[in-house]
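Secondary and tertiary structure notes
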Amino acid sequence: MWFGKKLLMFGFVCATWISVSRECGLGQTSINNRCQDYDECEEKPSICGNNSNCINTNGSYYCQCLSGYKGNHGKTNFTAVEGPCIDINECTENLHSCGHLAICQNQIGNYSCICMSGYIKNSSSPGNCEDINECKEAEMKNEHICGEKGSCENTNGSYWCKCETGYTNYGNERTQCSKLSCGRFSVDNKPMQLLGGLADMLSMMRNSCLTLSNPTTSDEKKADGEALLEKLLTATDSILSPGPVDSSEGVTELLGAVENSILLIGPQLIHNKTKIETTQTDAEIAVQRGMTRPTGAIHLTNDHASLSTDWTAAAGTGAYPGFAMAGLLSYKNLEGSVNRSFEELEQQEPGPSFQIFSKVVSVVVSNPSTQNLSHPVNITFRHLQDIKESPELSYICAYWKEKGAWSTDGCSQQQSNATHTVCTCKHLSSFAVLMALYPMEPNFGLMVVTKLGLAISLLCLILSILTFKFCRSIQGTRTTIHLHLCICLFMADLIFLAGISQTKPEGGCKFVAGALHFFFLGVITWMLLEGVQLYRMVVLVFNATVRPLYLFAAGYGTPLAIVVISAIIRPEGYGTPHHCWLSLDNGLIWSFFGPVCFIVILNVFFFIITVWKLAQKFASLNPDLSKLHKIKAFTVTAIAQMCILGLMWVFGAFLFQAGLPAVEYIFTILNSLQGALVFVMHCLLSKQVREEYANFFSCICTPQKKRYSDLSTTNPSSSQSQGSRTGQHTGESQI
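Residues take numbers from 1 onward in each chain, read along the sequence in its written order. Totals for whole chains, interfaces and linings use every residue, but because this is a predicted model, local features are given only for residues with pLDDT of at least 70 and side-chain atom pairs only at 80 or more, for both listing and counting. Just so you know, side-chain values use all the structure's heavy atoms and leave hydrogens and water out.

1. Remarks on the overall build of the protein chain
The helix and strand labels rest on DSSP assignments: H or I over at least four residues marks a helix, E over at least two residues marks a strand, and numbering proceeds from the N terminus. Counting its regular elements, the protein chain contains 20 helices and 27 strands. Two residues form a contact once any of their heavy atoms are found within 4.5 Å. Across the protein chain, contacts joining residues at least 24 apart in sequence account for 62% of those joining residues at least 6 apart. Areas reported here follow the Shrake-Rupley algorithm with a probe of radius 1.4 Å; residue values treat only the protein chains shown as occluding. If you sum the accessible surface of the protein chain, you get close to 39,100 Å²; carbon and sulfur atoms cover 59% of it.

2. Describing the state of the cysteines
Between two cysteines, a covalent bond joining their sulfur atoms is known as a disulfide. Cysteine sulfurs are considered disulfide-paired once they come within 2.5 Å of each other. Counted by the stated rule, this structure contains 13 disulfides. In this model C41 forms its disulfide with C54; the gap between the sulfur atoms is 1.9 Å. Taking the sign of the S-S torsion, -75 degrees for the link of C41 and C54, the bridge is left-handed. Of this pair, C41 sits in helix α2 (residues 40–43) while C54 is found in strand β3 (residues 52–57), placing the two residues 13 residues apart along the sequence. The class for C41 is buried, based on a relative accessible area of 15%. Residue C54 is classed as partly exposed on the basis of its relative accessible area, which comes to 25%. Bridging C146 to C161, the disulfide has an S-S length of 2.0 Å. The disulfide joining C146 to C161 has a torsion of about -80 degrees about its S-S bond and is therefore left-handed. Of this pair, C146 sits in the loop between α3 (134–140) and β11 (150–155) while C161 sits in strand β12 (residues 158–163); the two residues are 15 residues apart in sequence, bridging distant segments of the chain. With respect to burial, C146 and C161 carry one shared label: buried. No disulfide involves C460; its sulfur sits 9.3 Å from the nearest other cysteine sulfur, which is in C683. Not part of a disulfide, C488 finds its nearest cysteine sulfur in C486, a span of 9.6 Å. Partly exposed describes any residue whose relative accessible area lies between the buried limit of under 20% and the exposed limit of over 50%, with all areas from a 1.4 Å probe on protein chains only and scaled to the type maximum.

3. Considerations on unusual backbone geometry
The step from K504 to P505 runs through a cis peptide bond, and the omega angle for that step is 0 degrees. Residue N142 is not a glycine yet carries a positive backbone phi of 60 degrees. With respect to the helices and strands, the residue N142 is situated in the loop between α3 and β11.

4. Quick notes on the sheet that holds strand β17 (residues 297–301)
Two strands make a pair as long as DSSP finds a minimum of two bridges between them. Spatial ordering of the open sheet is given by β17-β18-β22-β26-β25, a layout of five strands whose pairing is antiparallel. Looking along the sheet, the strands with just one partner apiece sit at the ends: β17 and β25 (411–416). Averaged over all pairs of adjacent strands, the angle between strand axes in this sheet comes to 20 degrees, irrespective of strand direction. A fitted line through C-alpha atoms represents every axis, and for helices the fit uses only the stretch in contact; the resulting angles, taken between N-to-C directions, go from 0 to 180 degrees.

5. Comments concerning the environment of E344
Position of E344 among the secondary structure elements: in helix α10 (residues 343–348). Separated by 63 residues in the primary sequence, E344 and S407 have C-alpha atoms spaced 6.5 Å apart. In contact with E344, other than residues within four places in its own chain, are K401, K403, W406, S407 and D409. Under the rule applied, a polar contact is a pair of N or O atoms within 3.5 Å (in protein, one hydrogen donor and one hydrogen acceptor; residues adjacent in sequence only if both atoms are side-chain atoms). Reaching out from E344, the side chain makes a polar contact with the side chain of K401 at a distance of 3.3 Å. One polar contact links E344 to S407, side chain to side chain, over a distance of 3.0 Å.

6. Some words on the side chain of E259
Relative to the helices and strands, E259 is located in helix α8 (residues 248–265). One buried charged residue, E259, forms no salt bridge at all, with the nearest opposite charge on R184 at 9.5 Å. In this charge count, Lys and Arg are treated as positive and Asp and Glu as negative; neither His nor the chain ends contribute. Salt-bridge detection follows one rule: a side-chain nitrogen of Lys or Arg within 4 Å of a carboxyl oxygen of Asp or Glu.

7. Side note on the packing of helix α5 (residues 198–213) against helix α7 (residues 225–240)
At a minimum axis distance of 9 Å, the contact between α5 and α7 shows a crossing angle of 165 degrees. Between α5 and α7, the interaxial angle falls into the category roughly antiparallel. Where α5 crosses over α7, the two elements pack in a sense that is left-handed. Residue-level contacts link L198, M201, M204, M205 and S208 of α5 to L228, K231, L232, A235, T236 and I239 of α7. Just so you know the grouping, Ala, Val, Leu, Ile, Met, Phe, Trp, Tyr, Cys and Pro go in nonpolar, Asp, Glu, Lys and Arg go in charged, and all remaining residues, Gly too, go in polar. For the contact of α5 with α7, the class distribution of residues is eight nonpolar, two polar and one charged. Angle categories: roughly parallel below 35 degrees, roughly antiparallel above 145, roughly perpendicular from 65 to 115, and oblique for all the rest. By definition, any crossing whose near helix is turned counterclockwise from its far helix by less than a right angle is left-handed, and any crossing with a clockwise turn is right-handed.

8. What about the nonpolar core?
Nonpolar side chains in soluble globular proteins generally cluster together in the buried interior. Grouping buried Ala, Val, Leu, Ile, Met, Phe, Trp, Tyr and Cys residues that are joined through side-chain atoms within 4.5 Å yields what is termed a nonpolar core. Ranked by size, the top nonpolar core spans 53 residues in total, and within it F468, L516, F519, W526, W581, L582 and F592 carry the most contacts. Within the second largest apolar cluster, 50 residues are counted, among which are L229, I265, F354 and A436.

9. Comments concerning the pattern of salt bridges
Evaluated as defined, the whole model comprises nine salt bridges. Within the structure, one salt-bridge network assembled from shared partners comprises E344, K401 and K403.

10. Structural notes on α7
The span expected for a helix works out to 1.5 Å for each residue beyond the first. Compared with the 22 Å implied by 1.5 Å per residue over 16 residues, the 23 Å span of α7 between its first and last C-alpha is a close match. For α7, the secondary structure elements touched by its buried residues are α5, α8, β15 (273–277), β16 (281–289) and β19 (323–331).

11. Examining the pairing of strand β27 (residues 430–437)
Across the eight residues that make up β27, a large majority, eight, are buried. In β27, alternate side chains face the same way, and those of S430, A432, L434 and A436 on one face and F431, V433, M435 and L437 on the other are all buried. Direction of pairing for strand β21 (residues 360–365) relative to β27: antiparallel, over a ladder of two bridges. Pairing of V361 across the sheet is with F431, part of β27. Sheet topology note: the strand β23 (residues 393–400)/β27 ladder contains seven bridges and is antiparallel. Bridge pairing in β27 links S394 to A436.

12. What to know about the packing of aromatic side chains
By convention, a stacked pair of Phe, Tyr or Trp rings (six-membered ring in the case of Trp) has centres within 6.5 Å and planes under 30 degrees apart, an edge-to-face pair has planes over 60 apart, and any other such pair is tilted. Tallied over the full model, the rule gives 14 aromatic pairs. When the ring of F518 is compared with that of Y556, the centres are 6.5 Å apart and the planes differ by 25 degrees; the resulting orientation is stacked. Residue F518 is found in helix α13 (residues 506–539), and its partner Y556 is found in helix α14 (residues 548–569); the two are separated by 38 residues along the sequence. Here the aromatic residues F518, F519, W526, F552 and Y556 are joined through ring pairs into a cluster of three or more.

13. Here we look at the packing of α5 against α8
Close contact between α5 and α8 brings their axes to 11 Å; oriented N to C, the two are set at 25 degrees. Taken together, α5 and α8 sit at an angle that is classed as roughly parallel. Every pair of crossing elements has a handedness; the one defined by α5 and α8 is left-handed. Contacts from L198, M201, L202, M205, S208, C209 and L212 of α5 reach α8 at E253, L254, A257, V258, S261, L264 and I265. In the contact of α5 with α8, the residues fall into eleven nonpolar, two polar and one charged.

14. As for α14
Across its 22 residues, α14 extends 31 Å between first and last C-alpha, which sits within 8% of the 32 Å expected from 1.5 Å per residue. Remark: the principal bend of α14, roughly 30 degrees, maps to G557, with a proline, P559, within the next four residues. Every buried residue of α14 is listed here: L551, G555, P559, V563 and S566. Fitting one axis to the seven residues ending at a residue and another to the seven starting there, the bend at that residue is the angle between the two axes.

In structure tokens, the structure reads:
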């Protein structure tokens, strides 16, 4: 019963609400039981979004975009659910009224017309532009916009400077007349005749200069700066391609001619930046034009160098000709032609030796006062090799003077690492980074170790040579090899001790370097012959003897052939400023280390085969143990000898580089041990040699009478035992 009453009341309320709702339509509201319009625009001001108007209607509303905007769906009247208003780009939709001399620039809800350069807005016709008569305005202001030797001619949107003979506007509008000095391209100089192709290049540039300075021809056709620049660099390639320039005067003339040519070509270039690379050069030129001086940074770069400066330094503070230019030119192979003429540097700083350590770079700007810039320019050079500075090595920033010499005036090193050096210069010219090599301070301890060790080595080698020469019981192929190995090592150590540091005179130093090259190669070659002989003893067994003539041909002929060929190909590689040895700069050192590496690898191969064959013979059914043990001992000593010699030249590869004292000590000790090692292994450890030594000393120490009495009392059994020993020794010598 209670539930029925509740349900009846709920139905009554719903019916009442439905009847009231039906009395007011959509967009209306009931006020005092009367339906009135609901003003959505007033109640919700932002209902249409930004850049639009809300318009109320009876029972509804609609939105309209402001001028310069349109609905998202392209409708004039729309509601909030159909999207906001967006800007109309009058410029792209061609709804603007800008004339053909103005540029339309879109704005939010509007647009504006900007007149092109040389035009101004016409007050009587908004949106249209009219030409500015720059000549008339300049005359009214008493300004010489074309320079003193130029007359102004107004053109549509610009003006043109008509130049007198000897002056040019470089074929550019709005550029005042500048004086041309075509005489700088004269070919009436003697150094020109020494440098093939330079006269032709200067003649080409002189003709171009005269054409520009002639008003009757310069106005007919605008010059093609890019084509002229390409011709200039091609002509430079033809000059440098045959090889290094022989004279400093020729280098000076070439550098000056190219710099003057770029100054002439730069203003004729069309683009703001032009980059051209050829086989011998790499050039990048930046140009800025305008009524006012350009400002901002300049950064030009290539694979060899980069230039950092600004337009203030490039344009200068003098009369502004209407353009400014900056150029960076790298010569890819000119460093070989200027790796000399260090006299001025050697006078300023005696002691170090100098060499070019970067590509030669020329910096050219339109500023006529390049000898005293308002602020320095920075040039970053890439080193030819990656080497860090050290107490014995430093990098110097230098420029090429007109008299044909390197100088550091006005240039200094800002920072440097193993790969690059940054130079700061207060003037402009052609630049490069020089490497200064300072003499290494003599190491007293190393000198003592070297002289003492080599003296011991030489003494041991003399004893070894006498032993191998006069000890009859050990004569054979191996002894011959050991004898000449010791001779080569003795000569190499003796020359090393006496002449490695005698760099003057230069011819004598080259001879010492060549002799060391020959005898050290001889040591390695005789070591290879020992490995070959051991291989023959194990593999061939019978007839393992080699004729001495063949040994001499291989042991001395091979090193001699290598030295002769190396001296013919790279004669300048023998001798360095600090040591009489092979140069590390031009690759000649590999004429030594190449054969050393090859022989060591070949010897390793022979020794592996030898050890393998020995193992097989020891494992055979009836091995000749006496003979095999001797060959085994020979092999062990040969391998030890190869390890000492090979290890020595592993460290020897780094001997002549500064900053490695540990390597120098290790090399010196190993070099000193060689003679002693040969004497110990092949003499003192040999039973036959020890017995020969014992007999020799017994002959010296025993009195003459005692020896006669011993000889007379010798019994037959003793004679037989001595005969048997002699037979044993003879058998050993045959091996």
